[in-house]
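Structural description and commentary
If you want the building blocks of each chain, they are given just below.
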Amino acid sequence: MNSKTKIVVLHMKEIIYTVIFAVLTILLILFLFFMFGSGHKKDASKSASYVPGVYTSGITLNNMELEVEVTVDKNKINSIRFVNLSEAVTTMFPLIQPTIEEIAEQICEKQSLEDISCSEDNPYTSRIILDAIETALKKATAS
């Protein structure tokens, strides 16, 4: 009977290093999964919850008062417009009406105030309008 016995010699240090390396690898994989997994991404399809109604916010341009009106349903922004836009304001600020129309179209399409592209011709006016819309939406947000 010829038996071939093999003897394997393992050093305790090698076993400990291998176990530590395996544990660190598993922790790294778990960390990456939780960081980049779908659990932490903001779901764009989730809509904000609003109290249905019409909400307004004021804007002052050269001592002229304007009101931005935002109409919302339970989960959707329906429309954004100026309420009391006079001829004097449109004469003094000819780009204000096209600016709010452009911004309103983007917000109603995206249902969010994020990633709204503003015209380079009137960034200041766009920022004021966006701030007023944000204020009105804060009033509409269900608590």
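Above this note sits the structure.
So, here's what we can say about the structure. (Residues numbered from 1 in each chain as written. Predicted model: local features only at pLDDT ≥ 70, side-chain atom pairs only at ≥ 80, totals over all residues. Heavy atoms only, no water.)

1. A look at unusual backbone geometry
The backbone of Asn63 sits at a positive phi, close to 60°, despite the residue not being glycine. Along the polypeptide, Asn63 turns up in the loop between strand E1 (53-61) and strand E2 (64-72). Given a relative accessible area of 77%, Asn63 falls into the exposed group. The phi dihedral of Gln111 falls on the positive side, at around 55°, and the residue is not glycine. Inspection of the secondary structure assignment puts Gln111 in the loop between helix H3 (96-110) and helix H4 (123-140). (Helix = DSSP H or I, 4+ residues; strand = E, 2+ residues; numbered from the N terminus. Buried < 20%, exposed > 50% of the residue type's maximum accessible area, 1.4 Å probe, protein only.)

2. Looking at the pairing of strand E3 (residues 77-82)
Looking at chain direction, E2 and E3 are connected through 5 bridges and run antiparallel. Paired with Glu69 across the strands is Arg81, a residue of E3. Taking the residues that link successive antiparallel strands as the turn, the E2-E3 hairpin has 4 residues. (Pairing = 2+ DSSP bridges.)

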